[in-house]
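Close look at the chain arrangement
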Amino acid sequence: MVFGRFQPPTRAHAMLLKKAEDLAKKQQASLFVFPSQTHDKSDNPIPWEAKIVVMRRMFPSIASRIIKEPSVRTVFDALSLLYSKGFRRLSLVVGSDRVKSFKHTLNQYNGRRSSASKIFYDFSHIDVVQAGEPRVEGEKSLRGMTGASARAAARRGDEEEFSRIIATSDKKLVKATM
């Protein structure tokens, strides 16, 4: 499973999604990609439905696995949904900066029923998988391939920099996402 903002989908996201796709194949498991619904003018400029359309075009090999489910607003909603569908083991693929916090948080709430929320999951196993290894100085790097860098390039109108960062070279998608 993957849950993320994808604002916009970058080359680093492409690497993460490839890792998730490969892991699902290796484990003979189902892959689910849940783009968050977070939307605002500065940090999350792409509306959820438009983001799903763009992602399905950018990542055709997993297009059917990019889930458009209005009830899933948070990673906990995604976990609860998958648990309610009968899944009992979970692998969540995340960037290296998210592994520690997700391992702690997801396991902390596993099996806990909240009276204030409909969210519940009780997986027999939760594995948080790092999408890639941190790069060594001098190696070809995905550093700077962040959503924040892409949004800054878009605000400056720097189409060349923006297209270097996002996960497509398709000019129409570059313009639609920018």
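These numbers were taken from a predicted model, which means no experiment stands behind them.

1. Side note on the overall build of the protein chain
Looking only at helices and strands, one finds 7 helices and 4 strands in the protein chain. Taken from N to C terminus, the helices and strands of the protein chain fall in the order β-α-β-α-α-β-α-β-α-α-α. The C-alpha atoms of the protein chain give 17 Å as radius of gyration, which agrees with the globular expectation for 178 residues (16 Å, within 12%). In terms of principal-axis extent, the alpha carbons of the protein chain reach across some 50 × 35 × 25 Å. Buried residues in the protein chain amount to 42% of all 178 residues. Summed over all atoms, the accessible surface of the protein chain reaches about 10,300 Å², with 50% contributed by carbon and sulfur.

2. A look at helix H1 (residues 11-27)
Its 17 residues place the ends of H1 24 Å apart at the C-alpha level, agreeing with the 24 Å of an ideal helix rising 1.5 Å per residue. Listing the buried residues of H1 in full gives His-13, Leu-16, Leu-17, Ala-20, Glu-21, Leu-23 and Ala-24. Burial along H1 is one-sided: seen end-on, the buried residues are contained in an arc of 165°. Turned more than 90 degrees away from the buried face of H1, the exposed residues are Lys-25 and Lys-26. Buried residues belonging to H1 abut strand E1 (2-4), strand E2 (33-35), helix H2 (48-58), strand E3 (89-94) and strand E4 (125-130). The N-terminus of H1 is capped by Thr-10, whose side-chain oxygen sits 3.3 Å from the backbone nitrogen of Ala-12.

3. Topic: the pairing of E3
Counting buried residues along E3, 5 of its 6 residues qualify, which places the element largely inside the surrounding structure. Taken together, the 6 bridges between E3 and E4 define a ladder with parallel strand orientation. By the bridge assignment, Leu-92 is partnered in E4 with Val-128. Between the parallel pair E3 and E4, the chain is carried across by helix H4 (residues 99-109), and the sense of this crossover is right-handed.

4. Digging into the pattern of salt bridges
Evaluated as defined, the whole model comprises 6 salt bridges. Of the charged contacts, one joins Glu-21 and Lys-25 as a salt bridge, the two residues approaching to 3.7 Å between their closest N and O atoms. Linking Glu-21 with Lys-25, this pair stays in helix H1, spanning 4 residues, or about one helical turn. Taking the relative accessible area as the measure of exposure, Glu-21 reaches 11% and is therefore buried. According to the relative accessible area criterion, Lys-25 is exposed, its value standing at 57%. Here Arg-156 and Asp-158 are joined by a salt bridge, their closest N and O atoms 3.7 Å apart.

Definitions and limits used
Residues numbered from 1 in each chain as written. Predicted model: local features only at pLDDT ≥ 70, side-chain atom pairs only at ≥ 80, totals over all residues. Heavy atoms only, no water. Helix = DSSP H or I, 4+ residues; strand = E, 2+ residues; numbered from the N terminus. Rg over C-alpha atoms; globule rule 2.2 N^0.38 Å. Buried < 20%, exposed > 50% of the residue type's maximum accessible area, 1.4 Å probe, protein only. Areas by Shrake-Rupley, 256 points an atom, 1.4 Å probe, with all protein chains shown as cover. Expected span 1.5 Å × (residues − 1). Arc of directions from axis to C-beta. Contact = heavy atoms within 4.5 Å. Polar contact = N/O pair within 3.5 Å; in protein donor to acceptor, adjacent residues only side chain to side chain. Pairing = 2+ DSSP bridges. Right-handed = clockwise from strand over helix to strand, strands pointing away. Salt bridge = Lys/Arg side-chain N within 4 Å of Asp/Glu carboxyl O.

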